[in-house]
Structure formats: structure tokens, C-alpha cells
Amino acid sequence: MKAIATLFVALLLATPVLAKEAAPLAQDPAVEQRMINITSELRCLVCQNESLAASQAELAGDLRNEVRDLIKQGKTDQQIKDYLVARYGDFVLYRPPVKPTTWLLWGGPFLFLIVGVGALIAFLRRRGRQVAEATLTDEEKTRAEALLKADQ
Amino acid sequence: MNRFIIPLIIFFVLVGFLAVGLRLDPREVPSPLIGKPAPAFDVPQVDAGKTFSPKEMLGKVWLLNVWSSWCVSCRAEHPLLVAAARQGSLPPVVGLSYKEVRGDSEIDVSGMTPEQELRLARSRAEAWLTQHGSPYVLTALDVDGRVGIDYGVYGVPETYLIDKAGIIRYKQIGPITPEALQQKILPLVKELEK
């Protein structure tokens, strides 16, 4: 029993030591948080379906370091993004900028919506006309009335 | 009959888009640096004691070939460059050894001083060039990959064609193929050399 208690105390004492060891990884939590915010909006060029924040690729690690340095130099988020776009192109941005080459990309969904709504309206109008044209003969009318009455 | 024409047209348009999409290589991201001045740098060469800066090449059309000894596609590309350089059909080629030591996943650089890493990079690059032949007029060492970041390198090998005014005119992503050399790079070199 005493041995277990000693072990427990020893473990309690050891925990703060472990915690201290992890400290150098995130030297400055504010810088680290900003770095993650910026890089999660950027695409890694090596593993193209991963963000720069999440990628394990070597280049992503280098670029995260670069972003840390730029933050420490006092650059704004936009300046840091511009820095990377100047080197790797708009492709690194998960939110592409709106400009002539991306108009179709941004406007495409709305274009499809307009075409779809247009097609729907045309379809409904045509159907409305077809339904109106279907008139009943006198014989059918009396049969229909008889059926309706029988139902009551 | 009319009912089927519109879906058929939509179908073929879609097939057209997919067919084109299949032929595009998502690895080839167009470089924003084309038409812009080649970023400046000043790094040591494999020849100890010398440094290299792109401004030394002003007035010449030249190629900057980024490579590494740990890069498998570079090994595939290398014989083509060596043969073309020997024939004299290439403009001057500057080699840029990219992260020779720290890029090799088998080596841990955390305990190395920058001087040690530079020395190791130099000896490894030199050994590789002795073994496989050198198409380069000189080889510069980008030990930490900072030059690579400025040039937007994201996978070696990559090759930049730079004109007399120091403007980047073309970027080959991935190994130079004989077709790319004959159909794109050499005609462009000839045009730029006029």
C-alpha cells in the first residue's frame, strides 16, 4: 500500500516535468494561433487536398516556418498571403480571388441556378397550357358528377 | 425526337469537359513568376569558397535546374541534361542543389551546425555529380531551401529558363522530357538568344 502511494506521489510530481518538455513546441501561442489561422486557408502544393496547416509534407513545414517568421516581422495576414501567392500563384488560396479568369468559377453556380429556374418556368407554363386544353365532353362530365355524388 | 436532343447535347458537353480534365495534370501549377524577374539570391557553390548570384548571368539566356541527390525523378532527368550539354545544344545550365542534406528523410539535421550541414551538402552534391556527370557550368547550394521558396519550388526537379534581362520565361515542373526539351525549351532559347 505504501509503495503504491509513493508511486502515485511520484507520478504527480512527474507530470509538471512532462508538461514543461512540451513547451518549446509552441514558443509563442499567439504567433502559433495566427500561423494556424493563416495556413488553414492555404493549400499545400505537395498534397493538394490538404491545407498548409495540416500537411505533413516537408515543404508545408518549411512554409509554416516561413509564415511564423513573417508574423514575427509584423506582417499582416494579407501581406503573408500575398507573399505566398507571389511565389506559388492563386492556387495556394482556398478562396480564389474574384477576377476575370475566375468569374465563371464564382458565377457558375448562379448561372446554373438561373438556367434551372428558367427551364422550370418554361416547363410549368407548357404543362399549364396542356392541362387547360384537356376539356371534358358532356358525357364525361355527367359521369364525373355521378361518381362524385356517389362518393358523398 | 426533339426530347432527346437537348439531354444528348448536355451529355456530350459534359463528356468534353471530363475528357479535357483527365488530360490536365493537377501537379502542374502554373508559376506566377513567368514574366517576372528571377528572384535574387547569393549562396555558396559546390566549388568551395565561391558564391553564386543570378545577376552574374545577366546578358545570357540560361537554365536554372533545381535538383537533389535524394530525388528519384532528378536521376531520371539527369542523363538527358548531360547528353544535351555535351552536344552543346543547351544554353548554360546552373545547378541548384535543393536541401541536399535536410531534404533527405534518412538524415537528421537537428544536431548539425549550419557549417556542418553545408560541408555535408557540398560533399554529397559533388560525389553525385562525379558519379552521374555534370551538365552544369556551376552548382549552387540551397542548403535550407530558402531560395526554393522564393522561386516557388514545390517538387524537385524544376527548371527555369531565364532570359538576358534576368526575366523568367518558362518553368518546367518535374523532369525535363526529350519532347519538352525539343518542342518547348530549345525553340524558346533560340528565340530569346536573338
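The preceding data block contains the structure.
Residues numbered from 1 in each chain as written. Chains lettered and ligands numbered in written order. Predicted model: local features only at pLDDT ≥ 70, side-chain atom pairs only at ≥ 80, totals over all residues.

Let us look at the overall build of chain B. For chain B, the count of helices and strands is 5 helices and 7 strands. Listing every helix and strand of chain B by position from the N terminus yields α-β-β-β-α-β-α-β-α-β-β-α. Principal-axis analysis of the C-alpha atoms gives chain B an extent of 80 × 45 × 30 Å. In chain B, which comprises 194 residues, the share counted as buried stands at 35%. (Helix = DSSP H or I, 4+ residues; strand = E, 2+ residues; numbered from the N terminus. Buried ≥ 20, exposed ≤ 12 C-beta atoms within 10 Å, placed from the backbone.)

With that settled, the discussion passes to the overall build of chain A. What chain A contains, in helices and strands, is 6 helices and 0 strands. Its helices and strands in sequence order give chain A the pattern α-α-α-α-α-α, from N to C terminus. The buried share among the 152 residues of chain A stands at 13%. Put simply, of all contacts in chain A between residues at least 6 apart along the chain, 38% involve residues at least 24 apart. (Contact = placed C-beta atoms within 7 Å.)

Time to look at the sheet that holds strand β3 (residues 62–67) of chain B. Residues and elements named next belong to chain B. Spatial ordering of the open sheet is given by β5-β4-β3-β6-β7, a layout of 5 strands whose pairing is mixed. At either margin of the open sheet sits one strand with a lone partner, and together these are β5 (138–142) and β7 (168–173). On average, adjacent strands in this sheet sit at an angle of 20° to one another, irrespective of strand direction. As defined by bridge partners, strand β4 (residues 93–98) adjoins β5 across 5 bridges and the pair is classed as parallel. (Pairing = 2+ DSSP bridges. Axes fitted to C-alpha atoms, helices over the stretch in contact; angles between N-to-C directions.)

Between chain A and chain B, the contact holds 13 residues from the first and 12 residues from the second. Looking at the side of chain A that touches chain B, the elements with two or more residues in it are α3 (58–72) and α4 (77–88) of chain A. Looking at the side of chain A that touches chain B, its residues break down into 7 nonpolar, 2 polar and 4 charged. (Nonpolar A, V, L, I, M, F, W, Y, C, P; charged D, E, K, R; others polar.)

Attention now goes to helix α2 (residues 72–87) of chain B. Residue and element names in this part refer to chain B. Along α2, the helix axis deviates most sharply at His-78, where the bend reaches about 30°; the proline Pro-79 sits within four residues downstream. Inspection of α2 places Cys-74, Glu-77, His-78 and Leu-81 among the buried residues, and these make up the whole buried set. Buried residues along α2 sit against β3, β4 and α3 (114–132). Two residues or fewer after α2 comes Gly-88, characterised by a positive phi angle close to 85°. (Bend = angle between axes of the 7 residues up to and from the residue.)

Residue and element names in this part refer to chain A. Between helix α2 (residues 29–39) and α3, the shortest axis-to-axis distance is 10 Å and the interhelical angle comes to 125°. With respect to α3, the element α2 is oriented oblique. The crossing of α2 and α3 is right-handed. Between α2 and α3, the residues in contact are Val-31, Arg-34, Met-35, Ile-38 and Thr-39 and Arg-64, Val-67, Arg-68, Ile-71 and Lys-72, respectively. Grouping the amino acids of the contact of α2 with α3 by side-chain chemistry returns 5 nonpolar, 1 polar and 4 charged. (Parallel < 35°, antiparallel > 145°, perpendicular 65-115°, else oblique. Left-handed = near helix turned anticlockwise from the far one by under 90°.)

A few words on α3(A). Residues and elements named next belong to chain A. Look at α3: 21 Å from first C-alpha to last across 15 residues, which is about the 21 Å you get at 1.5 Å a residue. Those residues of α3 not exposed but buried are Leu-59, Ala-60, Leu-63, Arg-64, Val-67 and Ile-71. Projected down its long axis, α3 shows its buried positions confined to an angular sector of 140°, all on one face. Buried residues along α3 sit in contact with α2 and α4. Positive phi shows up at Gly-74, right after α3, with a value of about 85°. (Expected span 1.5 Å × (residues − 1). Arc of directions from axis to C-beta.)

Core analysis: the biggest nonpolar cluster contains 57 residues, and Trp62(B), Leu64(B), Val94(B), Tyr160(B) and Ile162(B) have the highest contact counts within it. When neighbours within four sequence positions are excluded, Val94(B) is seen to be in contact with Phe52(B), Met57(B), Trp62(B), Leu64(B), Tyr136(B), Val137(B), Leu138(B) and Ala140(B). (Core = buried A, V, L, I, M, F, W, Y, C linked by C-beta atoms within 7 Å.)

What follows is about the pairing of β5(B). Burial analysis of β5(B) places 4 of its 5 residues in the buried class, the great majority of the element. The handedness of the β4(B) to β5(B) crossover, carried by α3(B), is right-handed. (Right-handed = clockwise from strand over helix to strand, strands pointing away.)

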